[in-house]
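# Reading the structure
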Amino acid sequence: MNGFEPKIVGFLCNWCSYEGADSAGRARKEYPANLRVVRVLCSGRTDPQFIIEAFKEGADGVMILGCPLGDCHYQDGNFQTLRRYTVLKKVLAQFGIEEDRLRLDWVSANEGDKFVRIVWEMVNGIKKLGPLHQARVENGKT
């Protein structure tokens, strides 16, 4: 796709991944401007409906970034996220949404470089997939 720039929505945990993004910014690390960040208190608070709505509203890809497993500030929020993510990928497949359009990863507060790498990987991966066809999401068709 010539000129295609994907729209990526990222749900970032307040305590770790958002701070990781902030540390990348403070260090003036460059990453694509395709990412729109939604700050959530915990990745476990990212309702699956938020993901579906992001796709319905035009996102070509969605990322959920949380605290590393075992380091959740709310004890087991990231384990809840992992369980939901596994199910959500199956649900999205029923709508014809490729599994690579949804990514879950763990970024701690001091991992600005990792945050930048993940964003670049996501944007480049979605560019290869091309735009998400809006009609498939709205109509529930594959």
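The preceding data block contains the structure.
Below you will find a few notes about this structure.

Analysis parameters
Residues numbered from 1 in each chain as written. Predicted model: local features only at pLDDT ≥ 70, side-chain atom pairs only at ≥ 80, totals over all residues. Heavy atoms only, no water. Buried < 20%, exposed > 50% of the residue type's maximum accessible area, 1.4 Å probe, protein only. Helix = DSSP H or I, 4+ residues; strand = E, 2+ residues; numbered from the N terminus. Arc of directions from axis to C-beta. Contact = heavy atoms within 4.5 Å. Salt bridge = Lys/Arg side-chain N within 4 Å of Asp/Glu carboxyl O. Axes fitted to C-alpha atoms, helices over the stretch in contact; angles between N-to-C directions. Left-handed = near helix turned anticlockwise from the far one by under 90°. Nonpolar A, V, L, I, M, F, W, Y, C, P; charged D, E, K, R; others polar. Core = buried A, V, L, I, M, F, W, Y, C linked by side-chain atoms within 4.5 Å.

Of the residues making up helix H1 (residues 17–26), those classed as buried are Ser17, Gly20, Ala21, Ser23 and Ala24. One side of H1 carries all its buried residues, which in axial view fall inside an arc of 160 degrees. On the buried face of H1, the contacting elements are strand S1 (8–13), strand S3 (61–66) and helix H4 (112–129). Positive phi appears at Arg28, one or two residues downstream of H1, with a value of about 55 degrees.

Turning to the environment of Phe55, a few remarks are in order. Looking at where Phe55 falls in the secondary structure, it is placed in helix H2 (residues 48–56). Residues Phe55 and His133, 78 residues apart in the sequence, show an inter-C-alpha distance of 9.7 Å.

Right, let's talk about the pattern of salt bridges for a bit. Pairs may arise between side chains of opposite charge once their charged atoms sit close together. Counted by the stated rule, this structure contains 8 salt bridges. Asp105 is the partner of Arg103 in a salt bridge, and the nearest nitrogen-oxygen pair spans 2.8 Å. Across the pair Glu121 and Arg103 runs a salt bridge whose closest N-O atoms are separated by 2.9 Å. Of this pair, Glu121 sits in helix H4 while Arg103 sits in strand S4 (residues 102–106), and the two are 18 residues apart along the sequence. What makes Arg103 buried here is its relative accessible area of 17%. Taken together, the salt bridges that share partners define one network made up of Arg103, Asp105, Lys114, Arg117 and Glu121.

Now for the packing of H2 against helix H3 (residues 77–94). At their nearest, the axes of H2 and H3 sit 10 Å apart, and the two run at 35 degrees to each other. Here the hand of the crossing between H2 and H3 comes out right-handed. Between H2 and H3, the contacting residues are Pro48, Ile51, Ile52 and Phe55 on the first element and Arg84, Leu88 and Leu92 on the second. Looking at the contact of H2 with H3 residue by residue, the class counts come to 6 nonpolar, no polar and 1 charged.

Judged by nonpolar contacts, the single largest core of 18 residues is most densely connected at Phe11, Ile51, Phe55, Val62, Leu88, Leu92 and Leu102. When contributions to this core are tallied by element, the ones reaching two or more residues are S1, H2, S3, H3 and S4. The contacts of Ile51, once residues within four sequence positions are left out, are Phe11, Thr46, Val62, Ile64, Leu88, Leu92 and Leu102. Residues Ile8, Leu12, Met122 and Ile126 belong to the second largest nonpolar core, which totals 16 residues.

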